[in-house]
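A closer look at the structure
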Amino acid sequence: MTKKAHDLSFKKIKHDLKEIDFNLTKNLLKGEKLFASPGGKIEPAPVIPASFEESKEAQDIKSHGEMLLSQGKVAALVVAGGQGSRLGISGPKGALPISPVRHKSLFCLHAQKISALEKRYSTRIPFFIMTSRVNDGATRKFFKENNWFGLKSNQVHFFVQGMLPSVSKKGKFILSRDGGLFMNPDGHGGVISALKKSGGLDIMSAQGIEEVFYFQVDNPLVRICDPLFLGLHNMQGAQMSSKVIRKRDFEEKVGVVVLVDGKTTIVEYSDMKDEDRYATDDKGKILYWAGSIAIHILKRDFIETLTNDVTALPYHKAIKKIPTVDNDGKPIEVDGIKFETFIFDALPMTRSSVTLEVKREEEFAPVKNKAGQDSVQSAIDMQVNLYRSWLKKAGKYISPGVKIEISPIFALDEADIMKLSPEIPDRIETDLYLE
Ligand code: UTP
């Protein structure tokens, strides 16, 4: 190694070492009690069915959620620190073009939904964006270059999640290929400590925020700050609530909302025993059907209580191939252990929690894979299908194969389209973008 390269590595290693919580790392290496243990008696959780939305009672509850929005008590928070490894992209996943006609990015769609909600409820909704050390700079640059997608720059709050060192199976640190130590983002559960450390929780508190609408960056159909969900959660005094969909089949790889020893819990697909995964109800249908779509509302003061203890959320470990170098500096991969925390592990710590079923075709089109299910193409198709269904409801004729995109600025939902119907042509025979 040349002197220069050696100096560089030394600097990086020193920097990485500064970031490591050695006590925590030591405990992770030996402390079983820090890890999630999926045992216990499992039962289906009570779920409010999707049909509830049509009921008379739902109107009052929705109005309550709308009131919270009008009063400026709600923040939106997106976790966007992931590495998008299945997609194989290098930049932030939120910068991925995803809308069907204008090819707007995921971040653009989210920001425009927030703008539209602000207009609808004459309010301000602060937008918190969790990044990681790897994509923070690129994410900020993307927002700046795009003029914060119409939001005010001072309402967009970026904060960086923590990193944890990956270790070899023998518990040793691993060199990264750039000369530092190999670290991985600490999982979406890292949002709790990152919000605290960055001062995000103080900003929320100073702005009178009581509820935090949490979502993942890769779902273009997310109904940000859904007032019905907000109303249900807040009126019940819930500390953390979740949206679920009916699982496609027994094997769909989503976490499932269940009761474990009477407590609302999300059990990861990989942690579910086969006898539970394939269990059926008396009609032969999937017993544990309530698939989590990683959309939650958390009370701000519940987040505060979670920050009091660095080990409040249990850790999960996964064996991963880690890119590193051998003694001669040649690139190799070794098996290593990666530690992460997951936000949904906070659920069993709540005194009260609401689980609301929603329709997949209306609210969940995650972009995870390069092709097939849960890919860019499937998310585009689902947006087109949803927008077509809104226009059909308004009595419009749409030629087969025509792509439709409805900007959130034009309409946020089917009800908006019904009101705006006179402005929309009755026959749509070519691709259409409505703004
Ligand atoms: P995923 O687990 O699907 O990860 O994250 P990913 O980065 O999008 O994709 P893969 O697994 O590497 O292919 C779900 C959500 O949680 C965020 C992601 O950005 C995404 O919005 N996340 C995940 C974080 O913010 N930080 C993490 O450490 C992990």
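The structure we're discussing is the one just above.
The following refers to the structure shown. Just so it is clear, the structure is predicted and the values come from calculations on it, not from any experiment. (Residues numbered from 1 in each chain as written. Predicted model: local features only at pLDDT ≥ 70, side-chain atom pairs only at ≥ 80, totals over all residues. Heavy atoms only, no water.)

**Some points on helix H8 (residues 227–235)**
Definition in use: The rule is simple: take the accessible area with a 1.4 Å probe, protein chains only, and divide by the maximum for that residue type; under 20% is buried, over 50% is exposed, in between is partly exposed. Counting from the N terminus, the helices are DSSP H or I runs at least four residues long and the strands are E runs at least two residues long. Contact definition: two residues touch when any of their heavy atoms are within 4.5 Å. By the criterion applied in these results, polar contacts are pairs of N or O atoms within 3.5 Å in which, for protein atoms, one can donate a hydrogen and the other can accept it, and in which residues neighboring in sequence qualify only through two side-chain atoms.
The element H8 is extensively covered by neighbouring structure, given that 8 of its 9 residues are classed as buried. Of all the positions in H8, only Pro227, Leu228, Phe229, Leu230, Gly231, Leu232, His233 and Asn234 are classed as buried. Those residues of H8 hidden inside the fold are in contact with helix H3 (56–70), strand S2 (74–79), strand S8 (211–216), strand S9 (240–246), strand S12 (290–299) and strand S15 (355–357). For H8, the N-terminal capping position is held by Asp226, with its side-chain oxygen 3.1 Å away from the main-chain nitrogen of Leu228.

**Details of the site of the ligand**
This is how the line gets drawn: Nearness of a residue to a molecule or strand requires only that one of the residue's heavy atoms be within 4 Å of it. The Shrake-Rupley method, run with a 1.4 Å probe sphere, supplies the accessible areas, and residue values consider only the shown protein chains as cover. For this classification, the nonpolar set comprises Ala, Val, Leu, Ile, Met, Phe, Trp, Tyr, Cys and Pro, the charged set comprises Asp, Glu, Lys and Arg, and every other residue, Gly included, is treated as polar.
Contacts to the ligand come from 18 residues, most closely from Val79, Ser85, Lys93, Gln161 and Lys368. At 3.1 Å, a backbone N or O of Val217 approaches an oxygen atom of the ligand. Relative to its unbound accessible surface of 560 Å², the ligand loses 86% to contact with the protein. Across the shell around the ligand, the residue classes tally to 5 nonpolar, 9 polar and 4 charged.

**Description of the nonpolar core**
Here is the rule we go by: Buried Ala, Val, Leu, Ile, Met, Phe, Trp, Tyr and Cys residues form a nonpolar core when they are joined through side-chain atoms within 4.5 Å.
Core analysis: the biggest nonpolar cluster contains 46 residues, and Phe127, Ile129, Phe143, Phe213, Phe215, Ile224 and Cys225 have the highest contact counts within it. Examining the composition of this core, we find that 6 residues originate from one element, helix H4 (residues 106–120), more than from any other. Apart from residues lying up to four places away in sequence, Phe213 is in contact with Ala75, Ala76, Leu77, Val222, Arg223, Ile224, Cys225, Asp226, Phe229, Ile295, His296 and Ile297. In terms of nonpolar packing, the next biggest core, distinct from the first, is built from 34 residues, Met204, Met240, Val244 and Leu347 among them.

**With respect to the pattern of salt bridges**
This is how it is decided: Each salt bridge in this description consists of a side-chain nitrogen of Lys or Arg and a carboxyl oxygen of Asp or Glu lying within 4 Å of one another.
By the definition in use, this model includes 33 salt bridges. In this structure, the salt-bridge partner of Glu211 is Lys299, at a minimum N-O distance of 2.5 Å. Of this pair, Glu211 sits in strand S8 while Lys299 sits in strand S12; the two residues are 88 residues apart in sequence, bridging distant segments of the chain. In terms of burial, Glu211 and Lys299 fall into one category: buried. Arg300 is paired through a salt bridge with Glu304; the nearest N and O atoms lie 3.8 Å apart. Residue Arg300 and its partner Glu304 are both found in helix H10 (residues 300–306); the two are separated by 4 residues, about one turn of the helix. One salt-bridge network, held together by shared partners, links Glu53, Arg223, Asp226, Lys243, Glu362 and Glu363.

**Quick look at the packing of aromatic side chains**
Remark: the centre distance and the inter-plane angle together describe each pair of aromatic rings, the angle taken between the planes. Rule in force here: Pairing of aromatic rings covers Phe, Tyr and Trp, the last counted by its six-membered ring, and requires centre-to-centre distances within 6.5 Å; plane angles under 30 degrees mean stacked, over 60 mean edge-to-face, and any other angle means tilted. The rule is short: NZ of Lys or CZ of Arg within 6 Å of the ring centre and within 35 degrees of the ring normal puts a charge over the ring.
Counted according to the given criterion, the structure contains 11 aromatic pairs. Measuring from centroid to centroid gives 5.4 Å for Tyr387 and Trp390, while their planes differ by 65°, and the two rings are edge-to-face. You can see Tyr387 and its partner Trp390 sitting in helix H12 (residues 376–393), 3 residues apart, about one turn around the helix. Of the two residues examined, Tyr387 and Trp390, each falls in the buried class. These aromatic residues form a ring-pair network of at least three members: Phe107, Phe142, Phe143, Phe149 and Phe158. Of note, Arg246 hangs over the ring of Trp289, and the distance from its end group to the ring centre comes to 3.9 Å. Looking at Arg427, its charged tip hangs above the ring of Tyr397, at a distance of 4.3 Å from the centre.

**Some thoughts on the environment of Ala45**
Relative to the elements of secondary structure, Ala45 occurs in the loop between strand S1 (42–44) and H3. Relative accessible area serves as the criterion here: at 14%, Ala45 is assigned to the buried category. C-alpha separation for the pair Ala45 and Val257, spaced 212 residues apart in sequence, amounts to 6.5 Å. Setting aside its immediate chain neighbours within four residues, Ala45 contacts Val257, Val258 and Leu259.

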